[in-house]
Amino acid sequence: MTLHILFESPFAGHALEECRRVAGAGDALLLAGDGVYALADTAADALHALRADGIALFALAEDCAARGIASAEVPGLGAVDYGGFVELTLAHERSVSWF
Amino acid sequence: MIFALLVHDAPVGRHSSQAAYRFASELLAGGHTLFRVFFFGDGVHHSTRLNLTPGNETDLPQRWSRLAAEHGVDLVSCVGSALRRGIVDEAQARQHALEAVSLRDGFELSGLGQLVEASIRCDRLVVFGG
Amino acid sequence: MSTQRTRSVLVVCRSAPYGRSRARDAIDLAMAFAAFEQPVTLLFLGEGVFTLAGGQQPPAGTRHLGKLLGTLADYGVGQVFADAAALAERGLAVRELALAAEPAHDDTLRELFATHDRVITV
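These notes cover the structure that comes with them. (Residues numbered from 1 in each chain as written. Chains lettered and ligands numbered in written order. Predicted model: local features only at pLDDT ≥ 70, side-chain atom pairs only at ≥ 80, totals over all residues. Heavy atoms only, no water.)

1. Quick word on the side chain of Ser110(B)
Okay, step 1: One can find Ser110(B) in strand 4 (residues 107-110).
Okay, step 2: Judged by its relative accessible area of 19%, Ser110(B) is buried. (Helix = DSSP H or I, 4+ residues; strand = E, 2+ residues; numbered from the N terminus. Buried < 20%, exposed > 50% of the residue type's maximum accessible area, 1.4 Å probe, protein only.)

As structure tokens, then:
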């Protein structure tokens, strides 16, 4: 199982799209840095599709807070700190960074 | 668990470089081992000793150097990337008659073999870029 | 500490060849892992497939990546894949590529990402 880490806004490039194409059931996606802009309402379809494919969603809480995104109000999203980030890398065999 | 990190981007102007440092600090605080951090491409700018950072901003080169001293972390900048970007150690400065040494204490210059070794020896390799 | 001597590595190139140095970096990384006898797969994904385009004529002083690709096999990088959807989207025909990379559809891509010990994106 793989942890995908998205550092790029889905409005800035194709990283999220490419991540979606290669991720499989049981993988997880952590939104970090500008990756948290994937939580914008207009990007919701992509996240719904990932969830439907069996991919667990997480976001770095401080990156959400910095950008004025209320991560706690997003259903099904795990808000984590850096300790949680480390735990996620341990819980998955490999990580893939998208930037 | 043993970690290794690959850092692609410069310390200034890039979020992922802050993230790499925070991740490293946190894994060490959690009792894990950080075997090596390999700085590649623009990532080698982390290993300069000639940067000046305003007091209210995080000086990542200095922080990494301190982390290395406290926890025995191996900090390696890719020699090919470094020489192109003005990061030179004493031996290189002498060999090429350059007027300054710019590599910060705690960092060393070496080849990609160090990244390969890190990949073999660690349990988790995490890449930071963008 | 693990006594394992090899870890399979998937190097993923997501950048076009001449605008930035990332494509060159990806090729260098793949060659380095292969030189140290690690099983390496190189994947050109999304925009990265432009690195495979035939007919590249970079100016003097710029490394010719099309030619560099031709030396991958000598370094022992045996497995090279190209994102089939990205090739089609960009009008690149497999037979005209600078290197005969194997086209990978989404199921193959998923398998590549799920089966290597390490994944290094560049």
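2. A few points about the interface of chain B and chain C
Okay, step 1: Contacts between the two partners involve 21 residues from chain B, matched on the other side by 20 residues from chain C.
Okay, step 2: For the interface between chain B and chain C, the tally reads 1 salt bridge.
Okay, step 3: Residue Asp9(B) pairs with Arg22(C) through a salt bridge whose shortest N-O separation is 2.9 Å.
Okay, step 4: Put simply, chain B and chain C have 7 residue pairs in polar contact (both at pLDDT 80 or more) between them.
Okay, step 5: Among the elements that take part in the side of chain B that touches chain C, helix 5 (residues 113-121) of chain B stands out by supplying 6 residues, more than any other.
Okay, step 6: Tallied by class, residues from the side of chain B that touches chain C come to 11 nonpolar, 4 polar and 6 charged. (Contact = heavy atoms within 4.5 Å. Salt bridge = Lys/Arg side-chain N within 4 Å of Asp/Glu carboxyl O. Polar contact = N/O pair within 3.5 Å; in protein donor to acceptor, adjacent residues only side chain to side chain. Nonpolar A, V, L, I, M, F, W, Y, C, P; charged D, E, K, R; others polar.)

3. Side note on the side chain of Ser95(A)
Okay, step 1: Of note, Ser95(A) is situated in strand 5 (residues 94-98).
Okay, step 2: Judged by relative accessible area, which is 6%, Ser95(A) ranks as buried.
Okay, step 3: Of note is the side chain of Ser95(A), whose polar atom sits 3.2 Å from the backbone oxygen of Leu125(B).
Okay, step 4: What Ser95(A) contacts, discounting residues up to four positions off in sequence, is Leu3(A), Ile5(A), Leu125(B), Val126(B) and Val119(C).

4. Here we look at the sheet that holds strand 4 (residues 77-80) of chain A
Strand pairing in a sheet is mediated by backbone hydrogen bonds. Such pairs are either parallel or antiparallel.
Okay, step 1: Within the open sheet, the 5 strands sit side by side as 4-3-2-1-5 (chain A). Their pairing is parallel. The sheet terminates laterally at strand 4 and strand 5 of chain A, the two strands that pair on one side only. Sheet twist, expressed as the mean angle between neighbouring strand axes with direction ignored, is 25°.
Okay, step 2: Taken together, the 4 bridges between strand 2 (residues 28-31) of chain A and strand 3 (residues 56-60) of chain A define a ladder with parallel strand orientation. Bridge pairing links Leu30(A) to Phe58(A) in strand 3 of chain A.
Okay, step 3: Relative to strand 5 of chain A, helix 5 (residues 106-115) of chain C is tilted by about 125°, and along the sheet it contacts strand 1 (2-6) and strand 5 of chain A. (Pairing = 2+ DSSP bridges. Axes fitted to C-alpha atoms, helices over the stretch in contact; angles between N-to-C directions.)

5. Description of helix 1 (residues 15-29) of chain B
Okay, step 1: Between its terminal C-alpha atoms helix 1 of chain B stretches 21 Å, which fits the 21 Å expected from 15 residues at 1.5 Å a residue.
Okay, step 2: Each element contacted by the buried residues of helix 1 of chain B is listed here: helix 4 (82-91) of chain A together with strand 1 (2-7), strand 2 (33-39), helix 2 (60-71) and strand 5 (124-128) of chain B.
Okay, step 3: In the stretch just after helix 1 of chain B, Gly31(B) is the one whose phi turns positive, near 85°. (Expected span 1.5 Å × (residues − 1).)

6. Quick notes on the packing of helix 5 of chain B against helix 1 (residues 22-35) of chain C
Okay, step 1: Following both chains from N to C, one finds helix 5 of chain B and helix 1 of chain C inclined at 65°, their axes separated by 9 Å at the closest point. Handedness of the helix 5 of chain B/helix 1 of chain C crossing: right-handed. Counted together, Leu115(B), Val116(B) and Ser119(B) of helix 5 of chain B and Leu29(C), Ala32(C) and Phe33(C) of helix 1 of chain C form the full contact between these two elements.
Okay, step 2: Residues belonging to the contact of helix 5 of chain B with helix 1 of chain C are distributed by class as follows: 5 nonpolar, 1 polar and no charged. (Left-handed = near helix turned anticlockwise from the far one by under 90°.)

7. Section: the nonpolar core
Okay, step 1: In this structure, Leu5(B), Phe23(B), Leu34(B), Val37(B), Trp64(B), Phe128(B) and Leu72(C) are the most contacted members of the largest nonpolar core, which totals 90 residues.
Okay, step 2: With 9 residues, helix 1 of chain C is the single largest residue contributor to this core.
Okay, step 3: Here Leu72(C) is in contact with Ile27(C), Met31(C), Leu42(C), Val77(C), Val80(C) and Leu99(C), once residues within four sequence places are set aside.
Okay, step 4: One finds Cys19(A), Cys64(A), Trp98(A) and Leu10(C) within the second-largest nonpolar core, a separate group that totals 31 residues. (Core = buried A, V, L, I, M, F, W, Y, C linked by side-chain atoms within 4.5 Å.)

8. Some points on the interface of chain A and chain B
Okay, step 1: The partner chain B presents 18 residues to the 18 residues of chain A that form the contact.
Okay, step 2: Across the interface of chain A and chain B, roughly 1500 Å² is buried in total on both sides, 65% from carbon and sulfur atoms.
Okay, step 3: It is Tyr82(A), Leu90(A) and Phe99(A) in chain A that bury the most area against chain B; as a group they hold 38% of the surface buried on that side.
Okay, step 4: Where chain A packs against chain B, one counts 1 salt bridge.
Okay, step 5: Between Glu62(A) and Arg22(B) there is a salt bridge whose closest N-O contact spans 2.8 Å.
Okay, step 6: Between chain A and chain B we count 7 residue pairs in polar contact (both at pLDDT 80 or more) in total.
Okay, step 7: Taken together, the elements giving at least two residues each to the side of chain A that touches chain B come down to helix 3 (61-66), helix 4 and strand 5 of chain A.
Okay, step 8: With 6 residues, the single largest contributor to the side of chain A that touches chain B is helix 4 of chain A.
Okay, step 9: Residues belonging to the side of chain A that touches chain B are distributed by class as follows: 8 nonpolar, 6 polar and 4 charged. (Buried area = accessible area lost by both parts, 1.4 Å probe.)

9. Things to note about helix 1 of chain C
Residue and element names in this part refer to chain C.
Okay, step 1: Here helix 1 is 14 residues long and its end C-alpha atoms lie 20 Å apart, about the 20 Å a rise of 1.5 Å per residue gives.
Okay, step 2: Extensive coverage of helix 1 is indicated by the burial of 11 of its 14 residues.
Okay, step 3: Of the positions making up helix 1, those classed as buried are Arg-22, Ala-23, Asp-25, Ala-26, Ile-27, Leu-29, Ala-30, Met-31, Ala-32, Phe-33 and Ala-34.
Okay, step 4: At the C-terminal side of helix 1, Glu-37 shows a positive phi close to 60°.

Bear in mind that shape data such as this cannot, by itself, settle questions of function.
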